[in-house]
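Residue strings, one per chain:
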Amino acid sequence: MNLLYDTFGRDYYIIIALIVKLILCKHLKNRYNKAGDRMRIKEDVWNQTEIKKSKFICYLHRCFSEADAKDFLLEIKRAHPDASHHCYAMIIKDQLTRSNDDGEPHGTAGLPMLETLKGHQLQDIVAVTVRYFGGTLLGTGGLIRAYSGSVSEAIQHAVLTETRTMNRYQLTFSYDLIGKLDYFFASHEIEVIDKQYEEQVYYQYQSDQSWENEFSEITSGRCLPHFLETVTVETIYKKNGSD
């Protein structure tokens, strides 16, 4: 501890606080993301903050390869040729990770950005934070907070999705049951993906459970679900600004 304090001075406590914050963030995401999978951003987003006259512009880009991420980085560099720094972090397929400080002191930009992405359980993403230097040095702790904060605030403006494994089922029933079954699907927020009206009614729905007992009770045993297949779907986990 003495060696760390001698190296970073007062910024030592800021660094420790950041580490604790990231650990807590990861713990909460593990708790509430019950699917257990990492999440993605639905679409690209950016956000700008200003700290002591330095502008930090963070861009989040959804990507599925390192080549795509690097192409996006070049695009941002072309859009901001006069910026002081173009720092980045990426996570691809929850396996490949990269980060770069782009001239900032080692470990003060790219790594905090990467840890923030990890803390929010994101994958298939690259974060690029552009800095326009405002003339005031922020110090080690200040830079860490600025770059990690730029990513965290951009994430707050993003729509997040999660990948879930669902089962698809088919229900076959008579027309007199449409009202009861439509009410059940709506009240339980079950997605009906296909409806066909022929001699009988055919509904296809997807859910993480069959609801067999409930359908049997509602229809007095006249209607039971038939399993079709298991699918992987991407669903909205969080909309802009929501918890």
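Here's a quick rundown of the structure. This one's a predicted model, so the numbers in the text were calculated from it and none came from an experiment.

Residues Glu-43, Asp-44, Asp-71 and Glu-75 make up a contiguous surface patch of negative charge. Here Asp-44 is to be found in the loop between strand E1 (39–41) and strand E2 (45–51).

Before going further, it helps to spend a moment on the pattern of salt bridges. Using the criterion set out here, one finds ten salt bridges in the structure. With a closest N to O distance of 2.6 Å, Asp-124 and Arg-40 form a salt bridge. Of this pair, Asp-124 sits in the loop between helix H4 (110–119) and strand E6 (125–132) while Arg-40 sits in strand E1, and the two are 84 residues apart along the sequence. Looking at Asp-124, the relative accessible area reads 1%, which means it is buried. Close ionic contact of Arg-62 with Glu-234 constitutes a salt bridge, the shortest N to O distance being 2.9 Å. Of this pair, Arg-62 sits in strand E3 (residues 54–62) while Glu-234 sits in strand E10 (residues 226–238), and the two are 172 residues apart along the sequence. Note on Glu-234: relative accessible area 38%, which makes it partly exposed. What you see here is one network of salt bridges that share partners, running through Glu-66, Lys-70 and Arg-98.

This part is about unusual backbone geometry. The phi angle at Lys-52 is positive, at roughly 50 degrees, despite the residue not being glycine. Along the chain, the position of Lys-52 falls in the loop between E2 and E3. The exposure class of Lys-52 is exposed, given its relative accessible area of 54%. A positive phi angle, close to 55 degrees, is found at Gln-121, a residue other than glycine. Structurally, the position occupied by Gln-121 is in the loop between H4 and E6. A residue is classified by how much of its surface remains accessible, and Gln-121, at 7% relative accessible area, is buried.

With that out of the way, let us pick up the packing of H4 against helix H5 (residues 139–156). The N-to-C vectors of H4 and H5 enclose an angle of 35 degrees; their axes lie 8 Å apart at closest approach. Crossing handedness for the pair H4 and H5: right-handed. Mapping the contact onto sequence places Pro-112, Met-113, Thr-116 and Leu-117 in H4 and Ile-144, Tyr-147, Ser-148, Val-151, Ser-152 and Ile-155 in H5.

Within the secondary structure layout, Trp-46 lies in strand E2. Between the C-alpha atoms of Trp-46 and Glu-153, which are 107 residues apart in sequence, the distance is 9.1 Å.

Okay, H4 next. Residues lying three or four places apart along an α-helix face the same way, a consequence of the helix completing one turn every 3.6 residues. The buried fraction of H4 is high, at seven of ten residues. Inspection of H4 places Gly-110, Pro-112, Met-113, Leu-114, Thr-116, Leu-117 and Gly-119 among the buried residues, and these make up the whole buried set. Positioned one or two residues after H4, Gln-121 has a phi angle of 55 degrees, which is positive.

Turning to the pairing of E3, a few remarks are in order. Of all nine residues that make up E3, eight are buried, and the element is covered over most of its length. The turn linking E2 back onto E3 is made up of two residues, and Lys-52 within it adopts a positive phi angle of 50 degrees. Across eight bridges, the pairing between E3 and E6 is antiparallel. Its bridge partner being in E6, Cys-58 is matched across the sheet by Thr-129.

Rules used throughout
Residues numbered from 1 in each chain as written. Predicted model: local features only at pLDDT ≥ 70, side-chain atom pairs only at ≥ 80, totals over all residues. Heavy atoms only, no water. Patch = residues over 30% accessible without salt bridge, like charges linked within 9 Å, V, L, I, M, F, W, Y side chains within 5 Å. Areas by Shrake-Rupley, 256 points an atom, 1.4 Å probe, with all protein chains shown as cover. Salt bridge = Lys/Arg side-chain N within 4 Å of Asp/Glu carboxyl O. Lys, Arg positive; Asp, Glu negative; His and termini not counted. Charge placed at Lys NZ, Arg CZ, Asp CG, Glu CD. Helix = DSSP H or I, 4+ residues; strand = E, 2+ residues; numbered from the N terminus. Buried < 20%, exposed > 50% of the residue type's maximum accessible area, 1.4 Å probe, protein only. Axes fitted to C-alpha atoms, helices over the stretch in contact; angles between N-to-C directions. Left-handed = near helix turned anticlockwise from the far one by under 90°. Contact = heavy atoms within 4.5 Å. Pairing = 2+ DSSP bridges.

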